[in-house]
Amino acid sequence: MPNQALADIVAYLEEAAATVRRLEAEGEAVLRSEGQAAYAEKMREKARFLLGLAENGRALAEAVGGEAGEAVHARLRKFSASAKASLGFDSVFFMSALLYPEDHKPGEPNDLERYAASLRAQL
């Protein structure tokens, strides 16, 4: 796997993870200040952002090349598919739980952060 291509996809994933964390923090803030409807809109924004993850990262995954690039794009599609499902159900709970395993504990990394870290370890 070319190191620069891998570094580029890692940077993309880390930036995406930071965006998700920002949207979640904004959601928590508006929940306290503006209520449930504002929180729900932030969770929809999070889900819409994740929906675009695979398409927006396609060229970076292709640059990784070969089976490794296909595996990266498949993982991005999985994240996006979960987001699409949450939007289809219009479930705020589902949207808020995107990227978090059932046994997640506060302060632990989410699945996107874990995936980015696993790719970073290959650099």
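This text follows the structure it describes.
Small disclaimer: the values here were computed from a predicted structure and weren't measured.

1. Some thoughts on helix H4 (residues 66-89)
For H4, spanning 24 residues, the distance from its first C-alpha to its last is 35 Å, which sits close to the expected 34 Å at 1.5 Å a residue. Those residues of H4 that sit buried are Gly69, Val72, His73, Leu76, Phe79, Ser80, Ala83 and Ser86. If you follow the buried residues of H4, they end up packed against helix H1 (3-33), helix H2 (36-51), helix H3 (53-64), helix H5 (92-97) and helix H6 (111-120). Immediately downstream of H4, the backbone of Asp90 shows phi near 50 degrees, a positive value.

2. Structural notes on the nonpolar core
Core analysis: the largest hydrophobic core is formed by 30 residues, its most contacted members being Ile9, Leu13, Leu50, Leu53, Leu76, Leu112 and Leu119. Secondary structure elements with two or more residues in this core: H1, H2, H3, H4, H5 and H6. The element best represented in this core is H1, accounting for nine residues. Setting aside chain neighbours within four positions, we find Leu13 in contact with Leu76, Leu112, Tyr115, Ala116 and Leu119.

The rules behind the values
- Residues numbered from 1 in each chain as written.
- Predicted model: local features only at pLDDT ≥ 70, side-chain atom pairs only at ≥ 80, totals over all residues.
- Heavy atoms only, no water.
- Helix = DSSP H or I, 4+ residues; strand = E, 2+ residues; numbered from the N terminus.
- Expected span 1.5 Å × (residues − 1).
- Buried < 20%, exposed > 50% of the residue type's maximum accessible area, 1.4 Å probe, protein only.
- Contact = heavy atoms within 4.5 Å.
- Core = buried A, V, L, I, M, F, W, Y, C linked by side-chain atoms within 4.5 Å.

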